[in-house]
Amino acid sequence: MRYTGKNSLSTFIKILILLSGLFGIVIMLSLPWSLPWLMKLFYENSTGGLYTFFMIILYILGLSTLVILNELRIIFLSLEKSDPFVHRNVVALKRISALCAVNCLVFLVKIFVANSLMTVIALFVFFIAMLFSLILGEVFKRAVEYKEDNDLTI
Amino acid sequence: MAIILNLDVMMARRKISLGELSERIGITNANLSILKNNKAKAIRFSTLEALCRELQCQPGDILEYSHEGEV
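Here's a quick rundown of the structure. (Residues numbered from 1 in each chain as written. Chains lettered and ligands numbered in written order. Predicted model: local features only at pLDDT ≥ 70, side-chain atom pairs only at ≥ 80, totals over all residues. Heavy atoms only, no water.)

## Remarks on the interface of chain A and chain B
Stage number 1. With six residues of chain A at the contact, the number on the chain B side is eleven residues.
Stage number 2. For the pairing of chain A and chain B, the buried interface totals around 740 Å² over both sides, and the portion due to carbon and sulfur atoms is 57%.
Stage number 3. On the chain A side of the interface with chain B, the three residues burying the most area are A:Leu152, A:Thr153 and A:Ile154, jointly 83% of the side's total.
Stage number 4. Taken together, the connections running from chain A to chain B amount to one salt bridge.
Stage number 5. Measuring nitrogen to oxygen at the nearest pair gives 3.3 Å for the salt bridge that ties A:Asp149 to B:Lys41.
Stage number 6. There are seven residue pairs in polar contact (both at pLDDT 80 or more) connecting chain A and chain B. (Contact = heavy atoms within 4.5 Å. Buried area = accessible area lost by both parts, 1.4 Å probe. Salt bridge = Lys/Arg side-chain N within 4 Å of Asp/Glu carboxyl O. Polar contact = N/O pair within 3.5 Å; in protein donor to acceptor, adjacent residues only side chain to side chain.)

Okay, here's the thing in structure tokens:
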């Protein structure tokens, strides 16, 4: 199996990310209609205040996750071109890390307002993703420097 | 860069073109151009050896240290 280049695993993951992004946009657009239905399903005694709170956090999480998906798409696009060690990928990983931190904060706030087991798990997952992308960004930065040095050694 | 490559001077003295020299030493035109324009970060001994062989000179004839460009 080919991992990078045209028609490889990277291409498949890139398409998967694109579809996830489109699905995310549809979910976000349907929130004003789907949220009241979902809240009835999970929080029977909900108040109007909680509805507004959920609306705000879901839009923040949705937007930041869409940007994360777009940055991931850019990374996989460079993998498809078999040239992943570029400065743009370092920027993408740093952005992913920052947006994971935003998502962490949102889930932290949600723990105090409407806690659930999934909220704690999501907080943990985004925290790990934040640290992971931060370190990976630094590793990529080193790799880009090494590549530039190698390319300019004649 | 404090180290300057005077490749263009030596090439002019030997009356050799970029294309011909790159073909003789076995590197691409683009890479030789990087060397000629002082954009390179490092030079391999094998490249320097090939350059000296083809231009019939010493490494000191091509390489020069300049105080002005010091960081």
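## Concerning helix H1 (residues 9-42) of chain A
Stage number 1. Over its 34 residues, H1(A) extends only 38 Å from the first C-alpha to the last, a length that falls short of the 50 Å expected when each residue adds 1.5 Å.
Stage number 2. At A:Leu31, H1(A) shows its maximal bend, which comes to roughly 75°, and the proline A:Pro32 appears one to four places after that position. (Helix = DSSP H or I, 4+ residues; strand = E, 2+ residues; numbered from the N terminus. Expected span 1.5 Å × (residues − 1). Bend = angle between axes of the 7 residues up to and from the residue.)

## Overview of a nonpolar patch on the surface
Stage number 1. Nonpolar side chains collect at one region of the surface, where A:Leu117, A:Met118, A:Ile121, A:Phe124, A:Val125, A:Phe127, A:Ile128 and A:Leu131 lie side by side and expose about 800 Å² of accessible area between them.
Stage number 2. Of note, A:Ile128 is situated in helix H4 (residues 117-151). (Patch = residues over 30% accessible without salt bridge, like charges linked within 9 Å, V, L, I, M, F, W, Y side chains within 5 Å. Areas by Shrake-Rupley, 256 points an atom, 1.4 Å probe, with all protein chains shown as cover.)

## Description of the nonpolar core
Stage number 1. One finds A:Leu35, A:Phe54, A:Ile68, A:Cys100, A:Phe107 and A:Phe126 to be the most contacted residues of the largest nonpolar core, which totals 27 residues.
Stage number 2. Counting only elements with at least two residues in this core, the list comes to H1, helix H2 (48-80), helix H3 (87-113) and H4 of chain A.
Stage number 3. In this structure, A:Cys100 is in contact with A:Ile68, A:Phe126, A:Ala129 and A:Met130, ignoring residues within four places of it in sequence.
Stage number 4. In terms of nonpolar packing, the next biggest core, distinct from the first, is built from 18 residues, B:Met10, B:Ile25, B:Ile27 and B:Leu32 among them. (Core = buried A, V, L, I, M, F, W, Y, C linked by side-chain atoms within 4.5 Å. Buried < 20%, exposed > 50% of the residue type's maximum accessible area, 1.4 Å probe, protein only.)

## Points about the packing of helix H2 (residues 18-25) of chain B against helix H4 (residues 45-55) of chain B
Residue and element names in this part refer to chain B.
Stage number 1. At a minimum axis distance of 10 Å, the contact between H2 and H4 shows a crossing angle of 120°. With respect to H4, the axis of H2 lies oblique. Along this stretch, H2 crosses H4, giving a crossing that reads as right-handed. Touching Leu21, Arg24 and Ile25 of H2 are Ala50, Leu51, Arg53, Glu54 and Leu55, all from H4. (Axes fitted to C-alpha atoms, helices over the stretch in contact; angles between N-to-C directions. Parallel < 35°, antiparallel > 145°, perpendicular 65-115°, else oblique. Left-handed = near helix turned anticlockwise from the far one by under 90°.)

## A look at the pattern of salt bridges
Stage number 1. One pass over the structure, following the stated rule, counts ten salt bridges over all chains.
Stage number 2. In this structure, the salt-bridge partner of A:Arg88 is A:Glu71, at a minimum N-O distance of 3.2 Å. Placement of the pair is A:Arg88 in helix H3 and A:Glu71 in helix H2, with a sequence separation of 17 residues.
Stage number 3. Residue A:Arg88 is classed as partly exposed on the basis of its relative accessible area of 32%.
Stage number 4. By relative accessible area, A:Glu71 is classed as buried at 3%.
Stage number 5. The residue A:Lys147 makes a salt bridge to A:Asp151 at a minimum N-O spacing of 3.0 Å. One end of the pair, A:Lys147, and the other, A:Asp151, are both in helix H4, four residues apart, so they sit about a helical turn from each other.
Stage number 6. The class of A:Asp151 is partly exposed, set by a relative accessible area of 41%.
Stage number 7. Residues joined by salt bridges that share partners form a network here, namely B:Glu20, B:Arg24, B:Arg53 and B:Glu54.

## Details of the side chain of A:Ser10
Stage number 1. By secondary structure assignment, the location of A:Ser10 is in helix H1.
Stage number 2. Contacts of A:Ser10, omitting those with residues within four sequence positions, involve A:Tyr3, A:Thr4, A:Phe76, A:Leu79 and A:Glu80.

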